[in-house]
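Per-entry structural report
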Amino acid sequence: VFDDFSLSVPAGQHLLLQGASGGGKSTLTQLLTRLETPQGGSIHLGGLPLESFDEPTLRRQIACAGQQAWAKTGTLADNLRLADPDISEAAMRDMLSLVGLAPEAQGWTSGLDTWIEEGGASLSGGQRRRLAIARALLREAPITILDEPSEGLDHAAETELIARITDHLRGKTLIWISHRMGFEASFDRTIRLGT
């Protein structure tokens, strides 16, 4: 998929990776998070080979919300505490508002105690995706990877989500992966895969 591919992302850069389906965007996500092992070449984090990091250390460095958003059976708060067991309710509410998933706006009268069915079955696809984004952002890792985070949003909602997240992650590294175009100016750099 990545024949003669080389990419360097400086700390703190906000990178937009674009490309059509099948262009390798999700494969790159899997490789960067070590969910897949490269068949050749190498990936380095801070100058060290990715495989030199133990799992807990790597997960502290990289937060990721992939395309296949999921949720565990439990409350909304339980799902957010997967990112940080000690997170405050105020921080949870702030993050839900940031990603456009404030309970009151969703009609969830139980607020953070809203019950989530197994796998997120009680949520729409968009709600599951935003919950996964909120969970990734609450990790406060130096690097955040978001794979198709604005899928299903109209242009105005997408633009607003990008603005909120890029502002929130100012000074931290962001890799935003999308097949959509038209918002390149919101990022420091854009790279197209599969071209």
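Computed from a predicted model, the values in this text were never measured in an experiment. (Residues numbered from 1 in each chain as written. Predicted model: local features only at pLDDT ≥ 70, side-chain atom pairs only at ≥ 80, totals over all residues. Heavy atoms only, no water.)

**Concerning the side chain of threonine 29**
As for its position among the elements, threonine 29 is in helix H1 (residues 25-32). Judged by its relative accessible area of 3%, threonine 29 is buried. Setting aside residues no more than four positions away along its own chain, threonine 29 makes contact with Cys64, Ile145, Asp147 and Ile177. (Helix = DSSP H or I, 4+ residues; strand = E, 2+ residues; numbered from the N terminus. Buried < 20%, exposed > 50% of the residue type's maximum accessible area, 1.4 Å probe, protein only. Contact = heavy atoms within 4.5 Å.)

**Thoughts on unusual backbone geometry**
Phi angles above zero are rare outside glycine, and arginine 34 is one such case at about 60 degrees. Within the secondary structure, arginine 34 is located in the loop between H1 and strand S2 (44-45). Located in the positive-phi region is glutamate 148, a residue other than glycine, with phi close to 55 degrees. Owing to a relative accessible area of 6%, glutamate 148 belongs among the buried residues under this scheme.

**Side note on the pairing of strand S8 (residues 173-178)**
With 6 of 6 residues buried, S8 is to be regarded as a mostly interior element. Of the two faces of S8, the one lined by Thr173, Ile175 and Ile177 and the one lined by Leu174, Trp176 and Ser178 are each fully buried. Two strands pair when backbone bridges link them, and strand S1 (residues 14-18) and S8 are joined in this way by 5 bridges, in the parallel orientation. Bridge pairing in S8 links leucine 15 to isoleucine 175. (Pairing = 2+ DSSP bridges.)

**Description of the nonpolar core**
Counting 38 residues, the largest nonpolar core has Leu80, Val99, Leu137, Leu146, Ile165 and Trp176 as the members making the most contacts within it. For this core, the secondary-structure elements that each account for two or more residues are strand S4 (62-65), helix H3 (76-80), helix H4 (89-98), helix H6 (125-138), helix H7 (155-168) and S8. At 7 residues, the largest contribution of residues to this core is made by H6. Each residue touching valine 99, except ones within four places of it in the same chain, is listed here: Arg130, Ile133, Ala134, Leu137 and Leu161. In this structure, Leu15, Phe53, Leu58 and Ile191 belong to the second largest nonpolar core, which totals 17 residues. (Core = buried A, V, L, I, M, F, W, Y, C linked by side-chain atoms within 4.5 Å.)

**Let's talk about the confidence of the model for the chain**
Interpretation of this model should avoid reading the predicted coordinates in detail wherever pLDDT is low. When pLDDT is averaged along the chain, the result is 91, and 97% of the positions lie at 70 or above. Within the chain, the lowest mean pLDDT, 85, falls on H1, and the highest, 97, falls on H4. (pLDDT = per-residue confidence, 0-100.)

**Quick look at the environment of isoleucine 177**
If you trace the backbone, isoleucine 177 turns up in strand S8. Residue isoleucine 177 is classed as buried on the basis of its relative accessible area, which comes to 0%. Setting aside its immediate chain neighbours within four residues, isoleucine 177 contacts Leu17, Lys25, Thr29, Ile145, Leu146, Asp147, Glu148 and Pro149.

**Brief notes about the sheet that holds S4**
Spatially, the 5 strands line up as an open sheet ordered S4-S7-S8-S1-S9, and their pairing is parallel. Both edges of this open sheet fall to S4 and strand S9 (189-192), since each of them pairs with a single strand only. Recorded for the sheet is a direction-independent mean angle of 15 degrees between the axes of neighbouring strands. Pairing between S1 and S9: 4 bridges, direction parallel. The residue of S9 that forms the bridge with leucine 16 is threonine 190. Sheet strands in contact with H6 are S4 and strand S7 (143-147), and its direction is about 175 degrees off that of S4. Contacting S1, S7 and S8, H7 crosses the sheet at an angle of about 160 degrees to S8. (Axes fitted to C-alpha atoms, helices over the stretch in contact; angles between N-to-C directions.)

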